[in-house]
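# Understanding the architecture of this molecule
Chain residues, written in single-letter form:
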There are 2 protein chains.
Amino acid sequence: MKRNTWQREAVRDALGRTEGFVSAQALHASLRGTGSEVGLATVYRALADLATEGEADSLVQEGESLYRACTPGSHHHHLICRNCGTAVEISADPVEAWARQVAAEHGFTEPNHVVDVFGLCPECSRAASSR
Amino acid sequence: MKRNTWQREAVRDALGRTEGFVSAQALHASLRGTGSEVGLATVYRALADLATEGEADSLVQEGESLYRACTPGSHHHHLICRNCGTAVEISADPVEAWARQVAAEHGFTEPNHVVDVFGLCPECSRAASSR
DNA sequence: TGCTACATGAGAACCGTTCTCACCCGCTGC
DNA sequence: GCAGCGGGTGAGAACGGTTCTCATGTAGCA
Ligand SMILES: [Mn+2]
Ligand SMILES: [Mn+2]
Ligand SMILES: [Zn+2]
Ligand SMILES: [Zn+2]
């Protein structure tokens, strides 16, 4: 049975208020910045829990795990800005079917897939081209 | 100008002789096992070089980078066994087009994508079901 | 209001990877 | 061949993100 602590609540809130994918450390720093005295280990634990409960999505970039609030219960993927982390949820129905088929064709069972699209968001594209 | 050393050659060979994705540490251990006295740092460096030269593919799983010999010059993806690391190269032309389109629709530029399909290979499926 | 088991947090430990730097050796020009 | 240069190597230290430890705190329940 999972307890309700203000720490867990603070992490959930901070994640929800964040545009794109953030690291545990960044989230911890931002919480500390607002006066919240959460421990780093607690932020890691809360994010891991949120991810297993399906309330957060995660991906690994350059050796660190990034998290993002997730609309729960729906399988989806992300279009992510390489520069600022902003993310858009996208559905990938044709890819789902393709992945299942490819696995089956080669006799692989219990298929899974990792599908992420990266790029520069409109804002970062503008900034990059005007430089 | 890149020099030819027996160490680099040994790493390339060992990678080529491996079925699926392997970690730098595992490859280093296997080289040591065959009497080759390569340093761990050198294995890391060689694998990184092979990856940037397009002679190896890499992916990150559970916090460690895995490498695999790659048929060079062709953009492709992988169907990977979660259990033993065995991998099959697959082409994903419909996914390529989909990814480009999704990025364009949201105004994202310089699109990239990560597409991996995981599952249990026929052999590992058999082992799992007979247990 | 007390009890108890789970959550928290500071710091240590962990672990894959990268860095350092003294030594080695592949390459080039002679 | 042979010397000399400059990049390569390797043992161990350092690094950085994450997890663990354990003493203390506190949510949830009666
Ligand atoms: Mn999917
Ligand atoms: Mn592709
Ligand atoms: Zn951006
Ligand atoms: Zn397998």
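Calculation rules
- Residues numbered from 1 in each chain as written.
- Chains lettered and ligands numbered in written order.
- Predicted model: local features only at pLDDT ≥ 70, side-chain atom pairs only at ≥ 80, totals over all residues.
- Heavy atoms only, no water.
- Near = heavy atom within 4 Å.
- Polar contact = N/O pair within 3.5 Å; in protein donor to acceptor, adjacent residues only side chain to side chain.
- Helix = DSSP H or I, 4+ residues; strand = E, 2+ residues; numbered from the N terminus.
- Nonpolar A, V, L, I, M, F, W, Y, C, P; charged D, E, K, R; others polar.
- Pairing = 2+ DSSP bridges.
- Contact = heavy atoms within 4.5 Å.
- Axes fitted to C-alpha atoms, helices over the stretch in contact; angles between N-to-C directions.

Bringing the protein's contact with DNA strand D into the picture now. Close contacts around DNA strand D come from 20 residues, with Tyr44 of chain A together with Arg3, Thr5, Thr42 and Arg45 of chain B the closest. In DNA strand D, atoms within 4 Å of the protein come from the sugar-phosphate backbone in 60% of cases. The backbone of Ser65 of chain A places a nitrogen or oxygen atom 2.7 Å from a phosphate oxygen of DNA strand D. Within the side chain of Arg8 of chain B, an N or O atom sits 3.1 Å from a phosphate oxygen of DNA strand D. Elements that contribute at least two residues to the surface near DNA strand D include exactly helix H3 (40–52) and strand S3 (64–69) of chain A together with helix H1 (6–16) and helix H3 (40–52) of chain B. When the residues that make up the surface near DNA strand D are grouped by side-chain class, the tally is four nonpolar, eight polar and eight charged.

We now examine the sheet that holds strand S3 (residues 64–69) of chain B. Think of a sheet as strands paired side by side through backbone hydrogen bonds, with each pair either parallel or antiparallel. Residues and elements named next belong to chain B. Reading across the sheet, the three strands line up as S1-S3-S2 and stay open at both edges, with antiparallel pairing between neighbours. Pairing within the sheet leaves two strands with one partner each, and these edge strands are strand S1 (22–23) and strand S2 (56–61). Where H1 meets the sheet, its contacts fall on S1, S2 and S3, and the angle it forms with S3 comes to roughly 85°.

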